[in-house]
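The residues making up each chain are set out below.
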Amino acid sequence: MHTFCDRAPSLRCRISFDAVLRLRGHPGLLAPPVRLLASDTRCSGGRAVDPVIIVGAGPVGLVLSLALAAQGVPCVLLDEDPGKDETRPARTVVLREDTADLVERLGCKTLQDEGLRWSGWRSVRRRQLVRELALGEGAPEGDLPAAPVHVPQHALVRGLRDAVAAQDLVQTARLSRIDTLEQDRDGVTVHTREPGSTWWRGSYLVGCDGARSTVRKLLDIRFPGRTAVERHAVAALRTELPWPGEAVLHRLPPWRTGGAEVTARPLPDGVWRLDWLLPPRGELVTPDALVTRVRDTLAGWCGETPPYELLDTGVYTLHHRLARRWRVKRAFLAGDAAHLLGALGTQGLDEGLRDAENLAWKLALAWHHGAHDVLLDSYQAERRAAVASRLRAADQSLPILRGGGGLRTLIPGSARGHDSLLTDGHLGCGPLGAPPSYSHSPLAPPRAEAHTAVGTPPGAPVADVRVTAPDGTTVRLRERLGQGHLLVVLVAPGTGVWDRRHWMRAGVMPRLVEAVDGLPVKAELLVTESYPGASAHTVLLVRPDGHLVESFGGVRPAELLAAADAARGGAVLTSVRSDRTADIN
């Protein structure tokens, strides 16, 4: 078995699976032998606690391990692969503003170096431009949505692996495929088969091991849904198109091989990813047929086929599935192990990264301080409901958008309505793409009399305003997320031009500092000049994942304490928790 132990020596030992089974049956042995790894796993209260086991080292598993490490929680990352990712230029991901910020905040450098933020969005139907949007720096002030980031998946994974390699609290084990999972009151035990046949002990376990999740199967969780919702042919190529830096959606293109829909998404260095929507049960796409599609599409956009370099091709099928349960005692599911989506431009990885961010702060709080079941159950309540809503919106839109001709194509304005739905999915807004709101979360506090409405409803992601910490540091609000504590933000116009020494002792600040110090969980006090829809002296309570808990008109210590207590799931009912790690022979 592997475990982390406080100041343990760097001793490595192995024991076969058969031998472990024999030893586990011995009446004098409570646990199999362990391999010790040098690491300090004392929680905030000084107790020795086993690490969190993460199964699967794809983007979601890597992000979860980094997010937990950022909050002082050690992890064991079990990777069934050798750790060398295949370079596939046609396999790319699109990250919305919130998930791109999360990845960069955790230390991934490749988004800036090898990703591209789109400068615009074009939607074309037949030969007519239906919609054109400027994104990023070219967008009008205050306009949404923000520019997504488009990056090859192998580059994203490489950047995350580099960040994990620099993190002392994450231990990665290659070629480690689990085949046994057991749980007890204090933790989780798993076995990895050959070539590294070993037992591992953890406080919690998260299955981030993809659509064919072994963890999900060992937990006996059903994974119902729809198969082959969409099929796409894909090509990555280097060429020049008439819209440098802009993403294009072309519906019903007028050339013969265009099909129902083709998209073009730019990448750095003049590379584009082209996707053609295929019939659900069409014939296999041969290499020659795909090259013909490439040439016809480039000629249709450019007048004639320009010079191009074909880098990679493929065909992929999208499925929609949702696991029945996302938590079984101390084991959880996240990412593709919990859900599959992707039709109409929606991004499954976006939702997987939101799973990781949502779960990380809850596991960190439980690991350091213990937690009421309400807190851990809220992961499934919030995230499964959010993904189910996304899948429901996609399933309701598919018959409208993919249903073919009929009267709906003759209704005035229907083309623009269809375009709006597809734009939502591709750009990350509306029911198909906007970041979720957890307004019905079990962690939501009862509505207080001191509640005051702001531009962000309770449960929704907060606006990324500039904030100042008591030490005088001025940063974006998102930069303070994911550090294992709540944020208390005071709206105080004029503080930007005052000396910090004055406003820290003026007005409501002393009373607010006292109220924050008295909260049942750690919180950081921040000040902002303004917040959308908020008046002066409004106080915002924000979760570690950036969702608003509550907003108050002024400093209300009792209401603030009650909201913070609700956000942590209430007081821990079990005051006595085991201090032991796995037994050592």
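Residues numbered from 1 in each chain as written. Predicted model: local features only at pLDDT ≥ 70, side-chain atom pairs only at ≥ 80, totals over all residues. Heavy atoms only, no water.

K.L.:
How do you make sense of the overall build of the protein when you look at a structure like this?
P.N.:
Summing up its helical and strand segments, the protein has 14 helices and 28 strands in all. Classification of the 585 residues of the protein by burial places 55% in the buried group. Look at the contacts in the protein between residues 6 or more apart in sequence, and 74% of them connect residues 24 or more apart. Carbon and sulfur atoms make up 50% of the accessible area of the protein, which totals about 25200 Å². (Helix = DSSP H or I, 4+ residues; strand = E, 2+ residues; numbered from the N terminus. Buried < 20%, exposed > 50% of the residue type's maximum accessible area, 1.4 Å probe, protein only. Contact = heavy atoms within 4.5 Å. Areas by Shrake-Rupley, 256 points an atom, 1.4 Å probe, with all protein chains shown as cover.)

K.L.:
I'm lost on the sheet that holds strand β15 (residues 225-238) in this one. Help?
P.N.:
In any sheet, the strands associate via hydrogen bonds between backbone groups, in a parallel or an antiparallel arrangement. Pairing within the open sheet is mixed, and its eight strands lie in the order β8-β7-β16-β17-β18-β15-β19-β22. Two strands in the sheet have a free side with no partner beyond their single neighbour: β8 (128-134) and β22 (339-340). When strand β7 (residues 120-125) meets strand β16 (residues 246-251), the two strands line up parallel, connected through six bridges. Looking at the pairing, V124 lines up with H250 of β16. Here helix α7 (residues 287-302) sits on the sheet and contacts β15, β16, β17 (261-266), β18 (271-278) and β19 (309-322); the angle it forms with β18, its principal contact strand, is near 110°. Sheet strands touched by helix α9 (residues 373-402): β15, β16, β17, β18, β19 and β22. Its angle to β19, the strand with the most contacts, is close to 110°. (Pairing = 2+ DSSP bridges. Axes fitted to C-alpha atoms, helices over the stretch in contact; angles between N-to-C directions.)

K.L.:
Sorry, what's going on with the confidence of the model for the protein here?
P.N.:
Put simply, the protein has an average pLDDT of 85, and 84% of its residues get 70 or more. Contacts of residues 405-413 to residues separated by more than four positions or lying in other chains number seven contacts, the stretch itself having pLDDT below 50. Scored below 50 in pLDDT, residues 573-585 shows 29 contacts in the model against residues more than four places distant or in partner chains. (pLDDT = per-residue confidence, 0-100.)

K.L.:
I would appreciate a short explanation of the packing of aromatic side chains in the present structure.
P.N.:
What characterises a pair of aromatic rings is the spacing of the ring centres plus the angle enclosed by the ring planes. Enumeration according to the criterion identifies six aromatic pairs in this entry. Consider the rings of W243 and W301, whose centres lie 5.3 Å apart with planes at 80°: the pair is edge-to-face. With W243 in the loop between β15 and β16 and W301 in helix α7, this pair connects stretches of sequence that are 58 residues apart. Taken individually, W243 and W301 each receive the classification buried, so the pair is uniform in this respect. Relative to Y379, the ring of F332 lies with its centre 6.1 Å away and its plane at 70°, an arrangement referred to as edge-to-face. Highlighted residues: F332 in strand β21 (residues 331-333) and Y379 in helix α9, separated in sequence by 47 residues. The class for Y379 is buried, based on a relative accessible area of 0%. Taken together, the ring pairs connect Y204, W326, F332 and Y379 into an aromatic cluster. (Phe/Tyr/Trp six-rings, centres within 6.5 Å; stacked < 30°, edge-to-face > 60°.)

K.L.:
Can you help me understand the side chain of T110 in this one?
P.N.:
Along the polypeptide, T110 turns up in helix α4 (residues 110-114). Judged by relative accessible area, T110 falls into the buried class, the value being 7%. There is a polar contact of 2.9 Å between the side chain of T110 and the backbone oxygen of A155. Discounting chain neighbours no more than four positions away, the residues touching T110 are G115, V151, A155, L156, R158 and G159. (Polar contact = N/O pair within 3.5 Å; in protein donor to acceptor, adjacent residues only side chain to side chain.)

K.L.:
Would you mind going over the environment of L274 with me for this structure?
P.N.:
Looking at the secondary structure, you find L274 in strand β18. Residues contacting L274, with those up to four places away along its chain left out, are A233, V234, A235, L237, T263, A264, L298 and W301.

K.L.:
Would you mind going over the pairing of strand β3 (residues 52-55) with me for this structure?
P.N.:
For a regular strand, side-chain orientation follows a simple rule: the groups alternate between the two sheet faces. The alternating pattern of β3 places V52 and I54 on one face and I53 and V55 on the opposite face, and all of these are buried. As paired elements, β3 and strand β4 (residues 75-78) share four bridges and run parallel to each other. Pairing of I54 across the sheet is with L77, part of β4. Where the polypeptide runs from β3 across helix α2 (residues 59-69) and back to β4, its parallel neighbour, the crossover connection is right-handed. (Right-handed = clockwise from strand over helix to strand, strands pointing away.)

K.L.:
What is the right way to read unusual backbone geometry from this model?
P.N.:
With a phi close to 60°, L344 is a non-glycine residue in the positive phi region. Tracing the backbone shows L344 in the loop between β22 and α8 (348-369). The phi torsion at H537 lies on the positive side, around 75°, for a residue other than glycine. Relative to the elements of secondary structure, H537 occurs in the loop between β26 (523-528) and β27 (538-542). Here H537 falls in the partly exposed class, since its relative accessible area comes to 40%.

K.L.:
Would you mind showing me how to read the sheet that holds β3 here?
P.N.:
On the basis of which strands lie adjacent, the open sheet formed by six strands has the order β10-β4-β3-β14-β21-β20 and mixed pairing. Only two strands of the sheet have a single neighbouring strand rather than two, namely β10 (170-173) and β20 (327-328). Packed onto the sheet, α8 meets β3, β14 (204-207) and β21 and runs at close to 165° relative to β14.

K.L.:
Whenever I open this one, the side chain of T263 confuses me. Can you help?
P.N.:
Tracing the backbone through its elements, the reader meets T263 in strand β17. Setting aside its immediate chain neighbours within four residues, T263 contacts V248, L249, R273, L274, D275 and H426.

K.L.:
Which parts of the structure should I look at to understand the pattern of salt bridges?
P.N.:
Side-chain pairs of opposite charge can arise where the charged atoms are in close proximity. Counted by the stated rule, this structure contains 36 salt bridges. Salt-bridge contacts for D545 lead to R543; the nearest nitrogen and oxygen are separated by 2.7 Å. Taken as a pair, D545 and R543 share a single burial class, namely buried. Several salt bridges share partner residues, and in doing so they unite D98, E351, R354, D355, R383 and R390 into one network. (Salt bridge = Lys/Arg side-chain N within 4 Å of Asp/Glu carboxyl O.)

K.L.:
What is the right way to look at the packing of α8 against α9 in this model?
P.N.:
The geometry of a pair of packed helices is captured by two quantities: the angle between their axes and the separation between those axes. For the pair α8 and α9, the least separation of the axes is 9 Å and the interaxial angle reads 170°. One element, α8, and the other, α9, form an angle in the roughly antiparallel class. Contact residues: E351, R354, D355, N358, L359, W361, K362, L363, L365 and A366 in α8; L375, L376, S378, Y379, E382, R383, V387 and R390 in α9. In terms of residue class, the contact of α8 with α9 is built from nine nonpolar, two polar and seven charged. (Parallel < 35°, antiparallel > 145°, perpendicular 65-115°, else oblique. Nonpolar A, V, L, I, M, F, W, Y, C, P; charged D, E, K, R; others polar.)

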